[in-house]
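The lines below spell out each chain.
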Amino acid sequence: MQKGLIGKKIGMTRIFTDNGDSLPVTLIDVSNNRVSQIKTKEVDGYTAIQLTYGLQKAHRITKAKIGHFTKAKIEIGRISREFPIVAEDIQNYQLGTKLEVSLFNVGDNIDVSGNSIGKGYAGTIKKHNFSSNRASHGNSKSHRVPGSISMAQDPGRVFSRKKMTGRLGGERCTIQNLEVLRIDEKKGLLFVKGSIPGHTNSIVFVKKSVKCEVIRK
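The rules we used
Residues numbered from 1 in each chain as written. Predicted model: local features only at pLDDT ≥ 70, side-chain atom pairs only at ≥ 80, totals over all residues. Heavy atoms only, no water. Pairing = 2+ DSSP bridges. Helix = DSSP H or I, 4+ residues; strand = E, 2+ residues; numbered from the N terminus. Patch = residues over 30% accessible without salt bridge, like charges linked within 9 Å, V, L, I, M, F, W, Y side chains within 5 Å. Areas by Shrake-Rupley, 256 points an atom, 1.4 Å probe, with all protein chains shown as cover. Salt bridge = Lys/Arg side-chain N within 4 Å of Asp/Glu carboxyl O. Axes fitted to C-alpha atoms, helices over the stretch in contact; angles between N-to-C directions. Buried < 20%, exposed > 50% of the residue type's maximum accessible area, 1.4 Å probe, protein only. Core = buried A, V, L, I, M, F, W, Y, C linked by side-chain atoms within 4.5 Å.

(A) The sheet that holds strand 3 (residues 33–39), seen in detail. Taken together, the four strands give an open sheet; going across it, the order is 5-4-3-6, and neighbouring strands pair in antiparallel fashion. Where the open sheet ends on each side, the last strands, each with one partner, are strand 5 (79–84) and strand 6 (98–99). Alignment of strand 3 against strand 4 (residues 48–53), held across five bridges, turns out to be antiparallel. Bridged to K39 within strand 4 is A48.

(B) Representation of a nonpolar patch on the surface within the structure. Taken together, the side chains of I149, V158 and M164 make up a nonpolar region of the molecular surface, amounting to roughly 190 Å² of accessible area. The residue V158 is located in the loop between helix 3 (124–128) and strand 9 (166–168) in this model.

(C) Local environment of the sheet that holds strand 10 (residues 172–184). Strand order in the closed barrel made by the six strands is 1-2-11-10-7-12, with antiparallel pairing throughout. Neighbour-to-neighbour, the strand axes of the sheet open up by a mean angle of 50 degrees, direction not taken into account. Note that strand 1 (residues 4–16) and strand 12 (residues 203–208) share five bridges and pair antiparallel. Paired with G7 across the bridge in strand 12 is V204.

(D) Main features of the pattern of salt bridges. Going through the model one piece at a time under the given rule, you end up with two salt bridges. K3 is the salt-bridge partner of D89, the closest N and O atoms lying 3.9 Å from each other. Here the residue D89 occupies a position in the loop between strand 5 and strand 6, and K3 occupies one in the segment before strand 1, the gap between them amounting to 86 residues. Relative accessible area serves as the criterion here: at 31%, K3 is assigned to the partly exposed category. Its salt-bridge partner being E82, residue K39 comes within 2.6 Å of it at the nearest N-O pair. Of this pair, K39 sits in strand 3 while E82 sits in strand 5; the two residues are 43 residues apart in sequence, bridging distant segments of the chain.

(E) The pairing of strand 3, seen in detail. Among the seven residues that make up strand 3, five are buried, leaving the element largely enclosed by the rest of the structure. Here two bridges tie strand 3 to strand 6, and the two strands are oriented antiparallel to one another. Counterpart to N33 in the pairing with strand 6 is L99.

(F) Highlighting the nonpolar core. Membership of the largest hydrophobic core comes to 26 residues, with the highest contact counts inside it found for I28, I49, L51, I110, V112, L190 and V206. Of all the secondary structure elements, the ones that give two or more residues to this core are strand 1, strand 4, strand 7 (109–115), strand 10, strand 11 (189–193) and strand 12. Residue contributions to this core peak at four residues, all from strand 12. The next biggest cluster of nonpolar side chains, apart from the first, holds seven residues, and it includes I15, V25, L27 and F191.

Functional significance is not addressed by these values, which are geometric in nature.
Written out as structure tokens, the structure is:
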């Protein structure tokens, strides 16, 4: 039952500590998160809140979604996401309320999920970090090839899950245990140590770290 927010990756910069150390940070905009739906165990079978982030023009979505946001009396959101919560906390949320960046504190560990940058069709060396073959001494055709991929007559086939060429990136991935170094409450920004998935202006999902919650319990 991890509380979280929807955000947008602004970009990367660096901040300096009091000791003069330079730390790489990623800025995440988590402002204007609105509660668009509250799900209860009696009606939906589980308890969760649905948040929406960003703004979307009415002609770009269906009438059903327009009615969904009209019922909550909020502006049409660009993207929505559910976050499970315990039944005791359901009374703390109301339709249309905004969740602020104060959900997190400096020093918290968070998990950030997003779609990695797509890099198209890639060879085995780039995709799986293989080593290339010799550049000289008789090697004239197989510098960046995978080499042998199968066996001889027995079994005479390529086994499944063989690491070969294919599409690289563009997949959902999660970076765990990232530290929140600074918070800008006025602008709704999180300064997260390190890098996160996705390109600039991509949508990410931020929640408190699962591993740290297990350790605390």
